[in-house]
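Tertiary structure, described
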Amino acid sequence: MLTLTTVRSNDQFNTTVYGYRDRLRGIIGTRMVLLMNEEDIRRMGLSEGQEVDLETHADDGVERRVRGLRVTPYSIPSGNCAGYYPELNPLVPLWHRAHKAHVPAAKSVPVRLIS
């Protein structure tokens, strides 16, 4: 289990993506990446560049999965991972909302890797 947060690239405005060169994170050519802590990558027996699927951990009977994410080491706390919005939006249940603002809680989605 990991906690997913979704992020935007520097060349993105809301859901409009203007390019495939995220100079903030050094990601070029694709947005289908899963940014992970290096210790988590090792602990889970994964390797950089390996393709994995990501699935939401929710007991509501709905399968939420995104396929073909490339494992990418990144400076992120252990137990967490990150990926681009809107590509990972299918993983966020509509009922998973912030308590006060009632907006989708796309910064704290419990997920599991399927390799």
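The paragraphs below set out a description of the structure included in this document.

Calculation notes
Position labels on residues start from 1 in each chain and follow its written sequence. Per-residue local features of the predicted model are confined to residues with pLDDT of at least 70, and side-chain atom pairs are confined, for both listing and counting, to 80 or more; whole-chain, interface and lining totals are unaffected and use all residues. Calculation of side-chain values draws on the structure's entire complement of heavy atoms; hydrogens and water are dropped beforehand. Side-chain atoms within 4.5 Å are what join buried Ala, Val, Leu, Ile, Met, Phe, Trp, Tyr and Cys residues into a set we call a nonpolar core. Exposure is judged per residue with a 1.4 Å probe applied to protein chains only, and the accessible area is read against the type maximum: over 50% gives exposed, under 20% gives buried, and values in between give partly exposed. We count a stretch as a helix when DSSP gives it H or I for four or more residues in a row; a strand needs E for two or more, and each element gets its number in order from the N terminus. Only the six-membered ring of Trp is used, alongside the rings of Phe and Tyr, when aromatic pairs are assigned; centres must lie within 6.5 Å, and planes under 30 degrees apart are stacked while those over 60 apart are edge-to-face, with the rest tilted. Two conditions define a charge located above a ring, namely a distance within 6 Å from the ring centre to NZ of Lys or CZ of Arg, and an angle within 35 degrees of the ring normal. If DSSP finds at least two bridges between two strands, the strands pair. Under this scheme, a helix contributes an axis fitted over its contacting stretch, all axes are lines through C-alpha atoms, and angles between N-to-C directions fall in the 0 to 180 degree range. Definition of a polar contact: a pair of N or O atoms within 3.5 Å, with one able to donate and the other able to accept a hydrogen when the atoms are protein atoms, and with sequence-neighbouring residues admitted only if both atoms are side-chain atoms. Whether two residues touch is decided by their heavy atoms; if any such pair falls within 4.5 Å, the residues are in contact. The rule for a salt bridge is simple: a side-chain nitrogen of Lys or Arg has to be within 4 Å of a carboxyl oxygen of Asp or Glu.

1. Things to note about the nonpolar core
- In terms of nonpolar packing, the biggest core is built from 18 residues, with Leu4, Leu34, Met36, Leu54, Leu69, Cys81 and Val111 touching the most fellow members.
- Of all the secondary structure elements, the ones that give two or more residues to this core are strand 1 (2-7), strand 6 (33-36), strand 7 (51-56), strand 8 (65-73) and strand 10 (109-114).
- Of the residues forming this core, the biggest block, three residues, is contributed by strand 8.
- Val7, Ile76, Ala82 and Tyr84 belong to the second-largest nonpolar core, a separate cluster that totals seven residues.

2. Some points on the packing of aromatic side chains
- The tally for this structure, following the rule as stated, stands at zero aromatic pairs.
- The lysine or arginine in question, Arg31, covers the ring of Tyr84, its NZ or CZ lying 4.5 Å from the ring centre.

3. Quick notes on the sheet that holds strand 7
- Spatially, the six strands close up into a barrel ordered 1-9-6-8-7-10, and their pairing is mixed. Taken over all neighbouring pairs, the strand axes of this sheet differ in orientation by 45 degrees on average, direction set aside.
- Where strand 7 meets strand 10, four bridges bridge the pair, whose relative direction is antiparallel. Of the residues in strand 10, the one forming a bridge with Glu55 is Arg112.

4. Focus on the side chain of Gln12
- Topologically, Gln12 is positioned in strand 2 (residues 12-13).
- In this structure Gln12 comes out as buried when scored by relative accessible area, which is 10%.
- Within polar-contact distance, the side chain of Gln12 engages the backbone nitrogen of Ser9 at 3.1 Å.
- For Gln12, the contacting residues outside a window of four places in its chain are Val17, Tyr18, Arg31, Tyr85 and Pro86.

5. Digging into the pattern of salt bridges
- Applying the stated criterion across every chain yields a total of six salt bridges.
- Note that Arg65 and Glu55 form a salt bridge whose closest N and O atoms lie 2.6 Å from each other. Note that Arg65 is positioned in strand 8 and Glu55 in strand 7, a separation of 10 residues in sequence.
- According to the relative accessible area criterion, Arg65 is partly exposed, its value standing at 27%.
- A residue is classified by how much of its surface remains accessible, and Glu55, at 11% relative accessible area, is buried.
- Where Asp60 meets Arg64, a salt bridge forms, and the shortest distance between an N and an O atom there is 2.9 Å.
- On the basis of relative accessibility, which here comes to 30%, the residue Asp60 falls in the partly exposed class.
- On the basis of relative accessibility, which here comes to 10%, the residue Arg64 falls in the buried class.

On their own, these measurements won't tell you what the molecule is for.
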